[in-house]
Amino acid sequence: GLACGSGSSFQEDTTTSVEAEKVTISGKADFAGLSKTRTAPSNNQVSLVNIKTGEELIVELKPDNTYIANIEKGDYEVIAKSGDGKILKLLLPDLQTNVSNADVDLNSTTVAAYIASQTNSSLGELDSNVLKAQVESISSAIVNADAILANSNASSEDRSRALTLLLISQKVKEITNKGES
């Protein structure tokens, strides 16, 4: 749990009682804003979920880490799971034509994580064009994050977003690397 200072090397002040070191917290877990829970695909699979209908198609991830699927037009969340359990995501809003470079990577996962963190409603409630604009603007913000932070003329909002994206990117990297042993 949340043990504080137990077994650590610093000298504890023995005058305070153990009870004085404790605080009580309570709260509520609010799951309302989350889209319905979905099981992640199994290892070496890619799940393509239609964001509006919730319909899901699962295809195999080939040995060279490529996938191919034939799906209805629409807005999609693509979830790829590697053989060692790493999970990456890609949002494909307003899919209307064939796409040969729907690559699922660290950046696409960061975009998905950032949009999820900024959206009060579920993705399904977002208009396709709004979602598309968000994906495009955040994708370019990730690519330019270092430059934005280095630019003294960048607005504080841009700098803040760039920093957040870099932090999420780092977090995603940590999580996806947990699969490695």
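Please refer to the structure placed before this passage.
Below, the structure is looked at part by part. Values in this document were obtained by computation on a predicted structure and should not be read as measured data.

1. Some details on the overall build of the chain
1) Next: Within the chain one finds 4 helices and 4 strands.
2) Next: Moving toward the C terminus, one meets the helices and strands of the chain in the order β-β-β-β-α-α-α-α.
3) Next: Burial statistics for the chain: of 181 residues in total, 29% are counted as buried.
4) Next: Of all intrachain contacts in the chain linking residues separated by at least 6 positions in sequence, the fraction that spans at least 24 positions is 46%.
5) Next: In the form shown here, the chain has an accessible surface area of approximately 12,400 Å², with 50% of it arising from carbon and sulfur atoms.

2. Brief notes about the sheet that holds strand S2 (residues 56-60)
Either a parallel or an antiparallel arrangement is found when strands of a sheet pair, and the pairing is made through backbone hydrogen bonds.
1) Next: If you trace the 4 strands from one edge of the open sheet to the other, you get S2-S1-S3-S4, paired in antiparallel fashion. Each edge of the sheet is formed by a strand with only one pairing partner; in this case those strands are S2 and strand S4 (87-95). Geometrically, the sheet is characterised by an average inter-axis angle of 20 degrees between neighbouring strands, direction not taken into account.
2) Next: Relative to S4, strand S3 (residues 74-81) runs antiparallel, the two sharing 7 bridges. In the sheet register, Ile 79 faces S4, and the bridge partner there is Lys 89.

3. Section: the packing of helix H1 (residues 106-118) against helix H2 (residues 128-143)
1) Next: Running from N to C, H1 and H2 cross one another at 125 degrees; their axes reach a closest spacing of 10 Å. By the angle class used here, H1 and H2 are oblique. The chirality of how H1 crosses H2 is right-handed. Contacts from Asn 107, Thr 110, Val 111, Tyr 114 and Ile 115 of H1 reach H2 at Leu 131, Gln 134, Val 135, Ile 138, Ser 139 and Ile 142.
2) Next: Split into classes, the residues belonging to the contact of H1 with H2 amount to 7 nonpolar, 4 polar and no charged.

4. A closer look at the nonpolar core
Nonpolar side chains tend to gather and get buried jointly when the protein is soluble and globular.
1) Next: Judged by nonpolar contacts, the single largest core of 16 residues is most densely connected at Leu 91, Val 111, Ile 115, Leu 123, Leu 131, Ile 138 and Leu 165.
2) Next: For this core, the secondary structure elements donating two or more residues are H1, H2 and helix H4 (156-177).
3) Next: When residues in this core are grouped by element, the largest group, 5 residues, is from H2.
4) Next: Excluding anything up to four places from it in sequence, Ile 115 contacts Leu 91, Leu 123, Leu 131, Gln 134, Val 135 and Ile 138.
5) Next: Listed in part, the 12 residues of the second largest apolar core include Val 46, Leu 48, Leu 95 and Val 104.

5. Focus: H2
1) Next: Over its 16 residues, H2 runs 23 Å from end to end, which matches the ideal 22 Å to within 8%, given 1.5 Å per residue.
2) Next: Buried within H2 are the following residues: Leu 131, Val 135, Ile 138, Ala 141 and Ile 142. Along the long axis of H2, the arc covered by the buried residues comes to 135 degrees, so they all point the same way. Counted as exposed and oriented over 90 degrees from the buried face of H2: Asn 129 and Val 143.
3) Next: Of the surrounding elements, those touching the buried residues of H2 are S4, H1, helix H3 (145-150) and H4.
4) Next: The opening residue of H2, the one whose side-chain oxygen lies 3.0 Å from the backbone nitrogen of Asn 129, is Asp 127.

Rules used throughout
Residues numbered from 1 in each chain as written. Predicted model: local features only at pLDDT ≥ 70, side-chain atom pairs only at ≥ 80, totals over all residues. Heavy atoms only, no water. Helix = DSSP H or I, 4+ residues; strand = E, 2+ residues; numbered from the N terminus. Buried < 20%, exposed > 50% of the residue type's maximum accessible area, 1.4 Å probe, protein only. Contact = heavy atoms within 4.5 Å. Areas by Shrake-Rupley, 256 points an atom, 1.4 Å probe, with all protein chains shown as cover. Pairing = 2+ DSSP bridges. Axes fitted to C-alpha atoms, helices over the stretch in contact; angles between N-to-C directions. Parallel < 35°, antiparallel > 145°, perpendicular 65-115°, else oblique. Left-handed = near helix turned anticlockwise from the far one by under 90°. Nonpolar A, V, L, I, M, F, W, Y, C, P; charged D, E, K, R; others polar. Core = buried A, V, L, I, M, F, W, Y, C linked by side-chain atoms within 4.5 Å. Expected span 1.5 Å × (residues − 1). Arc of directions from axis to C-beta. Polar contact = N/O pair within 3.5 Å; in protein donor to acceptor, adjacent residues only side chain to side chain.

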